[in-house]
Structure formats: structure tokens, C-alpha cells
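The primary structure of each chain is shown beneath.
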Amino acid sequence: MSDNNVEKEAGPPQESSPVVDSQEPEKRKREYKDFGHEEEGPTHAKIQLKAEDLYDKEKVDLETIVVDDVFKLLQTDENGLTTEEAQRRLEIFGPNRLEAEEQNPFLQFLSFMWNPLSWVMEAAALVAIALSNGEGRAPDWEDFVGIVLLLFINSAIGFYEERNAGNAVKALMDSLAPKAKVKRDGKWQEIESAELVPGDMISFKIGDIVPADSRLTEAINVSIDQAALTGESLPQSKKTGDQCFSGSTCKQGEAEGVVISTGPNTFFGRAASLVGQDDDTTGHLQKILAQIGSFCLVAIGIFVIAEIFVLYAGFRYRYRRGLDNILVLLIGGIPIAMPTVLSVTLAVGAQQLAKYKAIVTRITAIEELAAVTILCSDKTGTLTTNKLTIDRNTVRTYGPFSAEDVILLAAYASRTENQDAIDQCVVGALGDTARARAGIKLLDFKPFNPVDKRTEITYREEATGKLKRVTKGMTGIIIELCTRNKTEEIENRLEADVEEFAQRGLRALAVAYEEVDGDDPEGEGNGFELIGLLAIFDPPREDTKQTIDDAMALGVKVKMVTGDQLAIAKETGRRLGLGDHMYPAKVLKEGPSPDSKFRSLDDMILDADGFAGVFPEHKYEIVKRLQGLGHLCAMTGDGANDAPALSRANVGIAVEGATDAARGAADIVLTEPGLSTIVHAIRGSRIIFQRMRNYSIYACAVTIRIVVCFAILAFAFKFDFPPFMILIVALLNDGTIMTLSVDRVLPSSTPDSWDLAEIFAYAVAYGIYLTLSTIALVAIAIRTTWFFDAFGVTLTNGATSAAGNHNDPQLHMVVYLQVAIISQALIFITRSHSFFFMERPSFALMFAFGLAQLVSSIIAAYGDWGFTQIHSISGGWIGIVWVWNIVWFLPLDLVKFGMKATIIKYLRERHIKALAKETAEGVPIVRTQSRVASINESLYRNRVSFIRRAARKVGFGQKVSVRPEELQRFSSIQAARTGATLARHPSRTAQAA
């Protein structure tokens, strides 16, 4: 029998449990017998029935519709569809995928102007154009146009960056488009799965994902893993006429089938629609934005109210003059660019992560990833290679053969084509797979089957012409076959070796050998002799140990979460340096034993290095409990049933090769295997977090600086700064600050978190210090003649003092230049942890800052705009302002260090004490918020996710679970409904007939 022919008759894969292998066929027979599948033959569907009639078993037994009727219903045959007919059906049924919502570009652009901070600016624009009428003066068109322009510039920058990042990420996502082998025009070809239509003939083999719901027309030893859909833990054998569902994986054999349903009409599509849609709820960053926004709005509100009382009630200002002062606070105090800057920072970060083959599907997950303290990772394929390997260091020999000889003879007893996982790893251990058949002539081959639990080869050795036979398989089976060296000593050694392998989580594969007398391949041999024991395991990836070390150095604890056996998990943990404090999943239900060192299940979960025998519902429980202990948790997953845990985790990560459902539920999708991508993403997210934190301190400080400064100037000197010049300051600031999205920063070595008390404390300190710098300048110019006497400068009309006119146009320009320069320079203080000159900024930030200062100085030197009460100043004044700002800028680092040593130190110590108290009392750190707070935060939510998550997904705690006979029934209903749709849309060929 040829090697190729034998392999088509192969049984289930060798790595399956022996007990399961032997019992599964009987179990399935009993199951079918209960429903009469074997007692009654298949019936023909009454094709004239309506689709709804097919639910009535009195009219038609849906479970037994034969494949011939499926062909009739779908108006197709075994030659498949023509290209023209397939295109027609694609228009009828739509693409074979769950459709994602497309973001309207115009609405995406406008969404940047829809948050409370923008509303204040929009209100200021209305004040400038509507409320400023009166006193015989025209509306304030200049301020109105300036405010609208500022809003549009911010929105345009944010829109452009997000679209760019979205396109980069989408291009990477498109590379994941699955392929399908389909017969069109009578020829087999490969197309994208999205182009499949009902009636297509498809083909798939071992390792392929079933591209659409189908009925099998040919099946050769087919075993399908439906765990991602139905939760069945073991692959199911399939025969001709059975149904296969989209998203399931072919574990063995090869098959052809006819597509009966696609896209949202598939089993998964229907089931997912029951669970509901992702509502893009408010995330962690939106809550932070809301709190920062509230801080700024409260600060502005306090001083606006103060100005209303002081200027109108106290100073008896006329309507328009007081309104201009209020506009200064509204325009200058609002960090209008904050949502855009943070959004652009995240968008640029998403592009950078895409270079590491990580697709960000929820942009704010980048910020949450920076704060992750625990990463729960799958073992298979993420920590390990997902490729069984012979462990050469542990090969045991019992006869005259060396370890290399044992591996070679085991490879002889393995298939070289259409291999299962065991045969593949044994042959692969040779290095050159051609050696598995070199120097021998295959005479007979017996593949693995659930009864014998071994493979066997009879071959002629070409060098000597002798017939020889080798078998490999389960240890108990092989030792029973052996007769030549089966001594008590050998059996004791074998038992000890197998026990050692089991304790280490290694699978044992025994190999035996005999010689055959004569030329009859089926003749008796001289008796099998046990020659060796191979250890098979799934080895760690080459980079995994270093990656785990890197993650731990970043303060992230890695926990292994695997469905494999406990012994295998412990062995992998030891090899990776993760530790072997592993527990079986049952402890999540039973809790720690009475004699355990753990007081509670939460203590055990926190201490554990990993869990074995885990199902998707266990993942959900682990994440939920870790979050309850105050940790931000990332979870990896690959199946549809992992969706609840991926959704529950602060950051859900779909690993390479994950199902569409897992990708839909995840926040980050990996397109390369391994854990290193995740650690790159953590490091990248912390860089992005630092950029956002630096900007947040800056934005709040500028708000305090503008609001407090100009309110005090108005109260103390009746100083009326022109609103238009504040617009210029804001515009130049925003242009410079946008470059923070690509600034050079050092990532934190520990998980980041938003400590808003620190941010606000720094902001108040910096803001008050900068306020003093401006008030001192104005006070000296108004109360003294020092500037005029010492430097020979003058004001309007040669005035040598501002005492007579506090609102001199040139004094306005001096204040404008001073505020513009030192406010922007503050960013170099907030972005550095040490002295500002110790941490080099990016070229983009330096260039933008230099350009903005050049523009500000040119405006100061040549700006002569009568409508806004300013006048150009001399070079002397420009020099005075620059020197003044440098003198005030240098001590800013001392302010930072003073804050760290006093107030920030106190805040951190208080936070640590509160954290310890809450942990001791078992109070969850994340508390439920009021509805009002939730509504406030939702106003900041990101409405522009690059790739909408799959519109429907299998979600929180709900597992699709359907009995086999119901699956059969469902597939018949699908076929009938598809047939009814085709009947309503007949092809021209059918109409002609």
C-alpha cells in the first residue's frame, strides 16, 4: 500500500487522549441512535414548502435532508457556480463577513468640536458675534472669525492624523483577510472568503478555517474543532452530509462542501446578533479628560463670575468693555486643543504600534495598556511555538540503538504527507525530512487508529536487502508488543521514565523494532524489541523568556492561562522563569483548601504564576477578580468564547490567528505570534502616556496662568487685554503643542496611572509662578519708569511711563509677547523629570517652538492692528521681554523640584496609605460612579475608532451551546432559506429554462 493512499485513511490525531479516542465513536453512535439516524434512511425535502414550514417536523424532517436536495435548493451542482452567477449572488446575499460600521468623514470631522471644552469656545464665538452688539459698535467679527478658525484648525489636525492612522491600521487589518479555496467555472481557485456566496463549492483541509456554513459533499477522515463556536472541547468527526460552520477549524483530513449560508446569516452571525452590539462605552481616558476639563471649566467659571461682580458692580464698566475682559478668560483659559492633542497623540501611537504588527481597534486602549499591572497570557502559540517538538536531551534508549537512531526509526514509522502533529514533529526532528524515506523501500504502512493507538511500517533496507519493521505509539501498547527484551528491569526503567515525563508535562512516545524473515511484508518478525522513549513537548518561543523578563522589569506580572494539563503548565513555567505556582482551574470554583496558606481565593489568584485546564469562563472569572483587587488587567485570547474575558479585561488582546469574534471583542489585535509584540506595545503605550501627561500638566497650567493673570490685571490695574491677541497666543500654542505627539520621552519603568491631584498641583504652581512673571512686568511698567530710564524705550507717542494710560496699545503688545513666549517655554519644564536641558526634545518640538517664537516676535515688531488695540513695539522692548522671560524661566525647574519634595511627596504618601487601607478592607478600588458623572464623561468619548469592532460579538458570559441534532436542523433551515431567496431572484439562465 502506498504511503500516500494510507494517509487518506488516517484516523484521529495521535495527540488525542487514548480514552477519548476509543470511546468517541461509540458515544456518537449512541447519540445518533437516540434520534433515529441509523434506523431510518434520509428523506427528500419537500422543496415547494415555504421557509417557515421547514420548522414543522410533521411536514419535513429537517434533520435528514439529503445533500442532493441541498443542491436543488441552492440551484447549483458539484461543478460550482459560474463567475457571473457568483457575482449576482454576491449582490443578493452580500459579502461573507460581519459588516462593520463605516464612520462618516464629515461627522468624524465635526466630532472634534463636540465636547464641553469646545462648547465653551463655541459659546465665546456666539458672544463675540451676537452679545457684543451695542453701544454703536459693530459685532466683534475679528474675534468671531478667529475663534471659529481655531476650532476648525484643531478639528482638521485631529481629523487628518486619525484618518492617516486609521488608513495605516486598516491596511494591516486587510492583510488578515482569510482566503478560501472555491470551485468557479469548474476550476478550483483561491479567493478571499468575503467573496463566497451560497451555492459555492469549497474545499478545506487540515489546519484550514471553514470559511462559511456548509454541508459536506465529500469527507475523508474529517475532524472539525468547533470549540470557538459551540464550546465543545473536543474535535468532532464529520462525514458526508454533515454540516460545518464558519469559524470552526479542520483538525484532520480534507473535505469538500457546498456553501449554504454566509455572513450575518451563518450560525455564528445569527448567534452573535442575539448578544448585542458593542456600544463604545466611556473608557478610562474619557473619564480623565472629563476631570481635567471640569478642573479648567471650574477655574474659568470662578474668575468669570468674579469679573462680572468686580468689573460691572464695582468698576461700573460699560457693557462692551466688561464683555471683552470676559472673552479673554473664555478664549485663553479653555484648553481647546486638549481633546485634539490627546487624540493625535494616540493616533500617532497607533501608527507606531502598527509597525510592531499590533492593530489598535480601540484607540484609548493605548492609554490603558500603559497602566496594566498584570498580563494573563495564553501558553500555546503565545508563550510557546504551538509546534510539538522532540526533546533531544531527554530521549531514553533501552537497546543497542543511539538516541539519533531511535529518532530516525521513529521517523520511518511516520507519514511524510498529510501528517498529524505527532508525525510532523518526529519527522521534523531529523532536520532533513527526506531522510524519513532515504535508503528504504516502503512495503506496508499502518497509520494510527483509535483502537491500536500506534503506527507501524514494514520496509526493505536498500543497503542490506533485509525486511524490517518499526512501530511507535502509546507506551502501554508498545511494551505489550515487545517480546525480546521485555525484562523486569526494562519495564521498571520504562515505568520510571514515563512517570518522570508525566510529572514534567512531557508526552511519552515509545518506539520498538523487529526484523522480518523472508520477503513477505506481512510475515511474522523475530519479535519487537523496545529501543527508545521519545519526549514530546511544545517548546517555548526563542524570545519568550527574554520578553517575560522585560515585562517584569516594566512592573508587569505575567500569568500563564492555559487549557493544557497542570504538569505541562508547570514545566513550561519552569523553562520560562515564570515560576511553577500553577493551579488547576477547579480552584476558581472550590477555592483554596482548608490547609492552604491562602486566606481567600483572591489571595491565591494574586499569588499564582498561572492556571491550567482553563476554559473561557475561567478567564472571565480570573480577570474579574484581579480587577476587583485593584489591578488593571490585560488578557490574551483567540476563540469566540474568549470574547467575554477579552471584553471584561482593561485591554483585550487577540493573538495571531484569532477568530473574527475574538478580534471583534479585543482592543488590540496581533498579526505576529509571540509575546514580544505585547511587551513592545506596553513600552510604546507608556511613551504615549508620558506625552499625554506632559501635555495635561501644561494645559492646566496655562489655564490657571491666563485666567488668574488677566483677572488680577483687570482688578489691580483695570487692564483691558484685547481678546484677539489671546486668540493669536492660543493658535501659536496649539500649533507647537501638536508636536508633542512625536516628542522624545522616556517610558516609565513601572505601570503608569493618572494621579490628577499631582497634575493639578503642578498646574497651580506653574500657573501662579507665570502669573507673577506677567504681573511683575506690568507693575514695573505702570508703577515705575525703570524700563524707560534703563533701556531708553518708550510707549505710544513717545510716552516714558504707562501710569497715565494702563491700556496703552504698545503695553498690550509687550504683555502679548511676554505671555506668548514664556507660556510656550513651559512645555520644556513639564516634559522633563530632571533639569529641562537634561532631556533632549524632539526636533519637531524644537522647530515648532522656534517658529512660533519667531512669528510672535515678528507680530510684536510689525503688528499694527487698530481693531484690536495693539501697536508694534521697538526692538528694545522685544529684547527686554526675551531677557525678562529667560530670567523667570530658569527657576521653573526649582519650582518643579520644590513641588516634588513637598506637596507631590505628601500626595503620593497619602495615596499609598489610602490604597493599603482599601486593599486591607477588601474595598474595590474602582467604585461605581453616579449617573451624572457618567453622562459628563460620555461627552468626551472617542467617536472615531479607526476600525469599528465587529458589529456583533459573542459577549459577556453568554456561550453559544447547541446540541448536534439542532445544528443539523439549523443547517437545513439555512439551506431552505437561501433557496427561497434564490427563488425570488432567479438567474437569466433559470428564467430562460
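Residues numbered from 1 in each chain as written. Predicted model: local features only at pLDDT ≥ 70, side-chain atom pairs only at ≥ 80, totals over all residues. Heavy atoms only, no water.

An unreviewed UniProt entry lists the protein chain under the name Plasma membrane ATPase, with Somion occarium as the source organism. Within the UniProt record for the protein chain, the comment given under Function (unreviewed entry) is "The plasma membrane ATPase of plants and fungi is a hydrogen ion pump. The proton gradient it generates drives the active transport of nutrients by H(+)-symport. The resulting external acidification and/or internal alkinization may mediate growth responses." In its Sequence similarities (unreviewed entry) section, the UniProt entry covering the protein chain states "Belongs to the cation transport ATPase (P-type) (TC 3.A.3) family. Type IIIA subfamily." (UniProt positions renumbered as here; feature names shortened; annotations may be inferred.)

Turning to the side chain of Asp609, a few remarks are in order. Among the structural elements, Asp609 can be located in the loop between helix H22 (601-607) and strand S19 (610-612). For Asp609, a relative accessible area of 7% gives the class buried. Here Lys557 takes part through its side chain, which lies 2.9 Å from a polar atom of the side chain of Asp609. Only 3.5 Å separates the side chain of Asp609 from the backbone nitrogen of Asp580, close enough to count as a polar contact. With near-sequence residues (within four places) excluded, Asp609 lies in contact with Lys557, Val558, Lys559, Met560, Leu578, Gly579, Asp580, His581 and Met582. (Helix = DSSP H or I, 4+ residues; strand = E, 2+ residues; numbered from the N terminus. Buried < 20%, exposed > 50% of the residue type's maximum accessible area, 1.4 Å probe, protein only. Polar contact = N/O pair within 3.5 Å; in protein donor to acceptor, adjacent residues only side chain to side chain. Contact = heavy atoms within 4.5 Å.)

Here we take up the confidence of the model for the protein chain. On average, residues of the protein chain score 78 in pLDDT, and 80% of them are at 70 or above. Predicted confidence in the protein chain is weakest over helix H2 (residues 18-34), with a mean pLDDT of 33, and strongest over helix H32 (residues 875-889), with 96. Within the model, the stretch residues 272-282 combines pLDDT values under 50 with 25 contacts to residues more than four positions away or in other chains. With pLDDT under 50 throughout, residues 923-967 is counted as low confidence; its partners more than four residues away or in other chains account for 128 contacts. (pLDDT = per-residue confidence, 0-100.)

This part takes up the pattern of salt bridges. Throughout the structure, instances matching the rule amount to 37 salt bridges. The salt bridge involving Arg484 is made with Glu529; its shortest N-O contact spans 3.3 Å. A residue pair is termed long-range when its members are at least 10 positions apart, and Arg484 in the loop between helix H17 (475-481) and helix H18 (488-503) and Glu529 in strand S16 (residues 529-537) qualify at 45 residues. Put simply, Glu571 and Arg574 hold a salt bridge, and the shortest N to O gap is 3.3 Å. Of the two residues, Glu571 and Arg574 are both situated in helix H20 (residues 566-576); the distance of 3 residues between them amounts to about one turn of the helix. A relative accessible area of 39% places Arg574 in the partly exposed class. Connected through salt bridges with shared partners, the residues Asp391, Arg396, Asp497, Glu500, Arg504, Glu571, Arg574, Arg575 and Asp580 form a single ionic network. (Salt bridge = Lys/Arg side-chain N within 4 Å of Asp/Glu carboxyl O.)

UniProt tags residues 292-314, 326-348, 695-717, 723-747, 759-782, 842-863 and 875-895 as "transmembrane region" (unreviewed entry). This span, residues 695-717, is 100% helix and 0% strand, and a straight line between its end C-alpha atoms measures 32 Å. Its end C-alpha atoms 31 Å apart, residues 842-863 is made of 91% helix and 0% strand.

Time to look at the packing of helix H30 (residues 809-830) against H32. At their nearest, the axes of H30 and H32 sit 10 Å apart, and the two run at 35° to each other. Note that H30 runs across H32; the crossing there is right-handed. Across the interface between the two elements, Val814, Leu817, Gln818, Ile821, Ile822, Ala825, Phe828 and Ile829 of H30 pack against Trp877, Ile878, Val881, Trp882, Trp884, Asn885, Trp888 and Phe889 of H32. In the contact of H30 with H32, the residues fall into 14 nonpolar, 2 polar and no charged. (Axes fitted to C-alpha atoms, helices over the stretch in contact; angles between N-to-C directions. Left-handed = near helix turned anticlockwise from the far one by under 90°. Nonpolar A, V, L, I, M, F, W, Y, C, P; charged D, E, K, R; others polar.)

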